[in-house]
Amino acid sequence: MAGKVRVAIVGLGFGAEFIPIYQAHPDAEMYAICQRNEANLKKVGDSFGVARRYTNYDELIRDPNVDAVHINSPIPDHAWMSVKALQAGKHVACTVPMGTSVEECRQIVGAQKKSGKTYMMMETVVYSREYLFARDLYDRGTLGRIQFLRGSHQQDMDGWPDYWPGLPPMWYATHCVSPCLAILSDAVAATPASPKPNIALAESVVCHGSGRIREELIKKYNSPFAVETATFKIKGSDVIAEVTRSLFDTARQYRESFDVTGSKVSFEWQQVEGEDPVLHTRGLPEPQIPKRVKVPDFAALLPEPIRKFTGAIHDATHLSFLQGAGHGGSHPHLAHHFLMAVQGKQPAFPDAGTSANWTCVGICAHESAMKGGARVDLPSFA
Ligand SMILES: NC(=O)c1ccc[n+]([C@@H]2O[C@H](COP(=O)([O-])OP(=O)(O)OC[C@H]3O[C@@H](n4cnc5c(N)ncnc54)[C@H](O)[C@@H]3O)[C@@H](O)[C@H]2O)c1
């Protein structure tokens with residue numbers, strides 16, 4: 001599409017983070033906001049100066065001026081909201097995960113194909129400075145051959161809103177799955193069955209559940225495990241990835257981590273929040289093998305007006321509305337990439353099929369854990 005993309009943001013907790021980014025982006029008009037609570041809607045709208053406001057999602061997507069919706073609602077609402085928006089002819093950006101079942105992912109992929117509109121799952125990790133740094137090292141040949149990949153995402157979700165208690169850890173696994181697949185995405189072998197040979201996709205997964213959460217947490221999703229840990233195979237590659245998730249009754253500071261074991265150099269991020277990642281260089285004397293490294297900023301990849309948003313706290317005037325974590329500076333990269341995809345300048349990454357594969361690694365991993373570690377093949381979204 002030509003001209004500015006008129007964006008509507010749905011869900012104004014995490015979603016509010018993106019308002020000033022779209023407002024500053026030269027190709028976007030931050031047109032509308034939507035959330036159910038009217039008082040909070042007014043507060044956010046007044047603070048950021050967004051005039052068009054909706055408490056009802058159906059009314060929002062009937063507005064012909066909305067080109068694209070960016071969904072940041074609770075997890076159970078991602079799928080139906082994405083499908084409805086695509087059916088209404090809107091481009092869709094949606095926070096993770098895409099959905100919570102294979103069927104929901106199928107519906108979104110189908111609706112995207114039918115509508116011809118852009119769908120992009122807004123996965124923060126693959127636009128974080130740590131991932132972009134690892135990717136850059138790999139592209140330059142510094143890491144050598146990738147031999148193994150590992151991700152983890154640990155968080156204590158006690159006290160979070162009602163859809164969280166008892167959620168199977170692997171239903172929200174995209175933060176640790178996605179970097180493992182994204183970094184291989186130009187490296188996997190082409191096969192006649194693979195219409196997009198440069199996108200690495202998971203093929204099958206084996207997962208074990210470990211430990212047990214409190215009985216009252218188990219009931220909602222019938223998911224007993226404190227930790228779920230999985231290995232998955234990647235189509236067209238001999239590399240295996242391992243991912244670990246925990247959400248309840250586990251002592252661990254918040255961690256998103258991503259390790260790449262290379263034949264020449266390995267990259268490890270991170271043990272404790274805020275520590276610099278470590279590079280391990282093969283062939284050096286043992287004590288010199290690990291070395292901490294400062295990860296550079298990748299703001300130069302962005303249009304100048306939104307480069308400032310790669311910083312951790314980027315908007316002092318709206319601090320009360322912004323979580324300010326920035327997720328490795330990923331937010332402006334995500335918004336920019338989505339807008340470019342809507343304008344047809346580059347494909348969405350991840351697109352609908354890729355988002356479905358990343359999300360279903362976790363969904364199938366939980367299925368595997370519930371079956372005592374049986375291998376589960378990933379569905380095809382080709
Ligand atoms: N790194 C990341 O990618 C990341 C980080 C934080 C949150 N998230 C995701 O963002 C989503 C929101 O998280 P949060 O912490 O802001 O949650 P939250 O519960 O604080 O906010 C949810 C928002 O959605 C709105 N909402 C709920 N139902 C709605 C409906 N039917 N119509 C319109 N608006 C509706 C609520 O009013 C609220 O503004 C979650 O799915 C979470 O997984 C992702």
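Placed above this text is the structure.
Residues numbered from 1 in each chain as written. Predicted model: local features only at pLDDT ≥ 70, side-chain atom pairs only at ≥ 80, totals over all residues.

**A look at the overall build of the chain**
Secondary structure summary: the chain contains ten helices and 15 strands in total. For 382 residues, the compact-globule estimate of 2.2 N^0.38 gives 21 Å, and the C-alpha radius of gyration of the chain, at 20 Å, lies within 12% of that figure. On the principal axes, the C-alpha backbone points of the chain span a range of 60 × 45 × 45 Å. Burial statistics for the chain: of 382 residues in total, 51% are counted as buried. (Helix = DSSP H or I, 4+ residues; strand = E, 2+ residues; numbered from the N terminus. Rg over C-alpha atoms; globule rule 2.2 N^0.38 Å. Buried ≥ 20, exposed ≤ 12 C-beta atoms within 10 Å, placed from the backbone.)

**Some remarks on the pairing of strand β4 (residues 68-71)**
Here is the key point about a regular strand: its side chains alternate between the two faces of the sheet. Of the two faces of β4, the one lined by Ala68 and His70 and the one lined by Val69 and Ile71 are each fully buried. Two strands pair when backbone bridges link them, and strand β1 (residues 5-10) and β4 are joined in this way by four bridges, in the parallel orientation. By the bridge assignment, Ile9 is partnered in β4 with His70. Of the crossover connections in this fold, the one passing from β4 over helix α4 (residues 78-87) to the parallel strand β5 (residues 91-94) is right-handed. (Pairing = 2+ DSSP bridges. Right-handed = clockwise from strand over helix to strand, strands pointing away.)

**Concerning the sheet that holds strand β15 (residues 376-377)**
One open sheet holds the nine strands; their spatial order is β14-β13-β12-β11-β7-β10-β9-β8-β15, and the pairing between them is mixed. Edge positions in the sheet fall to β14 (290-292) and β15, since each has one partner strand and no second. Sheet analysis places strand β12 (residues 265-269) next to strand β13 (residues 278-281), joined by four bridges and oriented antiparallel. By the bridge assignment, Phe267 is partnered in β13 with Leu279. Against the sheet, helix α6 (residues 129-139) touches β7 (146-154), β11 (255-262) and β12, its axis set at about 5 degrees to β11. The strands that helix α10 (residues 352-370) touches are β8 (202-210), β9 (227-234) and β15; relative to β8, the one it contacts most, it runs at about 45 degrees. (Contact = placed C-beta atoms within 7 Å. Axes fitted to C-alpha atoms, helices over the stretch in contact; angles between N-to-C directions.)

**Here's the deal with the pairing of β5**
Residues His91 and Ala93 of β5 are buried on one face, and the alternating residues Val92 and Cys94, pointing to the opposite face, are buried as well. Pairing analysis gives four bridges linking β4 to β5, with the strands arranged parallel. From the neighbouring strand, His70 faces β5, where its bridge partner is Ala93. In this sheet, strand β6 (residues 119-121) lies alongside β5 in parallel orientation, the contact comprising three bridges. Paired with Cys94 across the strands is Met121, a residue of β6. Handedness of the β5-helix α5 (residues 102-115)-β6 crossover: right-handed.

**What to know about α4**
Burial analysis of α4 places seven of its ten residues in the buried class, the great majority of the element. Burial in α4 covers these residues: His78, Ala79, Met81, Ser82, Val83, Ala85 and Leu86. Taken together, the buried residues of α4 touch β1, α3 (57-62), β4, β5, α5 and β6. Backbone geometry just after α4 places Gly89 at a positive phi near 85 degrees.

**A few points about the environment of Phe14**
Mapped onto the fold, Phe14 is located in the loop between β1 and α1 (19-24). For Phe14 and Asn72, which are 58 residues apart along the polypeptide, the C-alpha to C-alpha distance reads 6.6 Å.

**What to know about the packing of α5 against α10**
The geometry of α5 relative to α10 is characterised by a closest axis approach of 10 Å and an angle of 180 degrees between their N-to-C directions. When the axis of α5 is compared with that of α10, the two are roughly antiparallel. Contacts from Val102, Cys105, Ile108, Val109 and Gln112 of α5 reach α10 at Ala352, Gly353, Ala356, Thr359, Cys360 and Ile363. Classifying every residue of the contact of α5 with α10 by side-chain character gives eight nonpolar, three polar and no charged. (Parallel < 35°, antiparallel > 145°, perpendicular 65-115°, else oblique. Nonpolar A, V, L, I, M, F, W, Y, C, P; charged D, E, K, R; others polar.)

**Remarks on the environment of Asp139**
Among the secondary structure elements, Asp139 is positioned in helix α6. Taking the number of C-beta atoms within 10 Å as the measure of exposure, Asp139 has 12 and is therefore exposed. Distance in space between the C-alpha atoms of Asp139 and Cys364 is 30 Å, their sequence separation being 225 residues.

**Focus: the nonpolar core**
Counting 119 residues, the largest nonpolar core has Ala8, Ile108, Leu181, Val205 and Val361 as the members making the most contacts within it. Looking at this core, the element that brings in the most residues is α10, giving nine residues. Those residues in contact with Leu181, other than ones at most four positions away along the chain, are Ala200, Leu201, Ala202, Ile234 and Trp358. (Core = buried A, V, L, I, M, F, W, Y, C linked by C-beta atoms within 7 Å.)

**A word on the sheet that holds strand β3 (residues 52-54)**
Read from one edge to the other, the open sheet built from six strands follows the order β3-β2-β1-β4-β5-β6, with strand pairing classed as parallel. Of all the strands in the sheet, the pair left with one neighbour each is β3 and β6. The sheet shows a mean angle of 20 degrees between the axes of neighbouring strands, direction not considered.

**Some details on unusual backbone geometry**
That bond from Val96 to Pro97 is cis: its omega, -10 degrees, falls within 30 degrees of zero. Residue placement: Pro97 occurs in the loop between β5 and α5. Phi at Asn222 is positive, roughly 55 degrees, even though this residue is not glycine. Structurally, the position occupied by Asn222 is in the loop between α8 (215-221) and β9. Here Asn222 falls in the exposed class, since 9 other C-beta atoms lie within 10 Å of it.

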